[in-house]
Amino acid sequence: MTNKKKIAVLVSGGGTNFQALIDYANTHDDCPYAIDVVISSTKNAFALERGKKAGIDQVIKSPFSVMGKENARNATREEKNQAVSNSILEECKSRQIDIIVLAGYLSVLQGKIIQEYSGKIINLHPALLPKFGGVGMWGHNVHEAVLAAGETESGCTVHLVDGGCDTGKILVQKRVPVLPGDDVDSLYGRIAPKEHEAIVEGLLMLCK
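The structure presented is a predicted model; accordingly, all values stated were derived computationally and were not measured.

K.L.:
It is not clear to me how the overall build of the protein chain should be interpreted in this structure. Could you clarify?
P.N.:
Tallying secondary structure elements over the protein chain gives 8 helices and 7 strands in all. Expected size for 208 residues packed as a compact globule is a radius of gyration near 17 Å; at 17 Å, the protein chain falls within 12% of this value. In terms of its C-alpha atoms, the protein chain occupies a principal-axis envelope of roughly 50 × 45 × 30 Å. The 208 residues of the protein chain split such that 48% are buried. When contacts within the protein chain are restricted to residue pairs at least 6 apart in sequence, long-range pairs at least 24 apart make up 64% of them. Summed over all atoms, the accessible surface of the protein chain reaches about 10400 Å², with 49% contributed by carbon and sulfur. Taken as two groups, the 23 positive and 24 negative side-chain charges of the protein chain have centres that lie 4 Å from each other.

What follows is the structure, given as structure tokens:
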């Protein structure tokens, strides 16, 4: 298939959802996307190893790598996010990226990249938005909050990224039950396979 959409995947950690995107592309001849680059917010993310193994370019965009150590140390969180966001935008434009996928990316994109890629950035969130979204709601924090609230179901959401935090249009949701006796790990274990399905489905929707 020619004319595949060029994708940049943004990561911060292990990259299991990034791997799901790689696996789908490798097992479907009609896959409408090609992953051009994986961009990590940290040099230690295992997702970079996954990119290397798959022959995908790896780029690190941390405050240190973008601003230099001295400037990054003296910058506010807002200034760091802005500098990294601008640098990611330059990287994506230079590579003619069509769609940006946030797969466990723990920084916040802001500024021009949100406008220039409006409707072309998706994020995976490990809960059923609009519940349990917003600042500080990521990873195990989310599952702890779900359990503390006594919810009977949870899941994951793929949504478009806008100027807010977890506020964009919802594209895909997958649900799982919260079972008596669940802890963070058992709940996450039930949600993780759904995340892998959802992120692929969300990207395929955008490719159309």
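K.L.:
Would you mind showing me how to read the side chain of Asn 17 here?
P.N.:
In this fold, Asn 17 is placed in helix α1 (residues 16-27). Taking relative accessible area as the criterion, Asn 17 reaches 8% and is therefore assigned buried. The contacts of Asn 17, once residues within four sequence positions are left out, are Ala 103, Leu 124, Glu 195, His 196 and Ile 199.

K.L.:
How should I be thinking about helix α5 (residues 77-94) in this particular structure?
P.N.:
Each turn of an α-helix holds 3.6 residues, which means side chains three or four residues apart point in the same direction. For α5, with 18 residues, the first-to-last C-alpha span of 26 Å sits near the 26 Å given by 1.5 Å per residue. Buried within α5 we find Asn 81, Ala 83, Val 84, Ser 85, Ser 87, Ile 88, Leu 89, Glu 91 and Cys 92. Packing partners of the buried residues in α5 comprise β1 (5-11), β2 (33-40), β3 (57-60), α3 (63-67), β4 (99-102) and α6 (112-116). Of the residues trailing α5, Gln 96 is marked for its positive phi of about 55 degrees.

K.L.:
Quick question: what am I supposed to make of unusual backbone geometry here?
P.N.:
Most peptide bonds adopt trans geometry, and most residues besides glycine take a negative phi value. Here the amide bond leading from Leu 129 into Pro 130 is cis, since omega sits at 10 degrees, within 30 degrees of zero. Position of Pro 130 relative to the elements: it lies in the loop between β5 (121-125) and α7 (139-148). Even without being a glycine, Phe 132 presents a positive backbone phi close to 60 degrees. Residue Phe 132 is classed as buried on the basis of its relative accessible area, which comes to 18%.

K.L.:
Explain the state of the cysteines to me, please; I cannot follow it from the model alone.
P.N.:
Disulfides are covalent bonds that connect the sulfur atoms of two cysteines. Tallied over the entire structure, the rule returns 0 disulfides. With no disulfide partner, Cys 31 has as its closest neighbouring cysteine sulfur the one in Cys 207, 7.0 Å distant. Unpaired in terms of disulfides, Cys 92 finds its nearest cysteine sulfur in Cys 207, a separation of 15 Å.

K.L.:
Can you walk me through the pattern of salt bridges in this structure?
P.N.:
Side chains bearing opposite charge may pair, as long as their charged atoms lie close to each other. What the rule picks out here adds up to 12 salt bridges. Arg 175 serves as the salt-bridge partner of Glu 153, at 2.6 Å between the closest nitrogen and oxygen. One end of the pair, Glu 153, is in strand β6 (residues 153-160); the other, Arg 175, is in strand β7 (residues 170-177), with 22 residues separating them in the sequence. We classify Arg 175 as partly exposed; its relative accessible area is 47%. A salt bridge links Asp 182 to Arg 190, with the nearest nitrogen and oxygen atoms 2.8 Å apart. What emerges from the salt-bridge pattern is a single network uniting Lys 6, Asp 36, Asp 57, Lys 61, Glu 91 and Arg 95.

K.L.:
Would you mind going over the environment of Gly 104 with me for this structure?
P.N.:
Tracing the backbone through its elements, the reader meets Gly 104 in the loop between β4 and α6. Expressed as a C-alpha distance, the spacing of Gly 104 and His 125, which sit 21 residues apart in the sequence, is 8.1 Å. Setting aside residues up to four positions removed in sequence, Gly 104 forms contacts with Val 11, Ser 12 and Gly 13.

K.L.:
Help me understand the nonpolar core in this model?
P.N.:
Nonpolar side chains in soluble globular proteins generally cluster together in the buried interior. Core analysis: the largest hydrophobic core is formed by 41 residues, its most contacted members being Val 9, Phe 18, Leu 21, Tyr 33, Val 101 and Leu 203. For this core, the element with the highest residue contribution is helix α8 (residues 184-207), accounting for 9 residues. Dropping the residues within four chain positions of it, Leu 21 is found in contact with Val 9, Tyr 33, Ile 35, Val 101, Ile 199, Val 200 and Leu 203.

The rules behind the values
Residues numbered from 1 in each chain as written. Predicted model: local features only at pLDDT ≥ 70, side-chain atom pairs only at ≥ 80, totals over all residues. Heavy atoms only, no water. Helix = DSSP H or I, 4+ residues; strand = E, 2+ residues; numbered from the N terminus. Rg over C-alpha atoms; globule rule 2.2 N^0.38 Å. Buried < 20%, exposed > 50% of the residue type's maximum accessible area, 1.4 Å probe, protein only. Contact = heavy atoms within 4.5 Å. Areas by Shrake-Rupley, 256 points an atom, 1.4 Å probe, with all protein chains shown as cover. Lys, Arg positive; Asp, Glu negative; His and termini not counted. Charge placed at Lys NZ, Arg CZ, Asp CG, Glu CD. Expected span 1.5 Å × (residues − 1). Disulfide = S-S within 2.5 Å. Salt bridge = Lys/Arg side-chain N within 4 Å of Asp/Glu carboxyl O. Core = buried A, V, L, I, M, F, W, Y, C linked by side-chain atoms within 4.5 Å.

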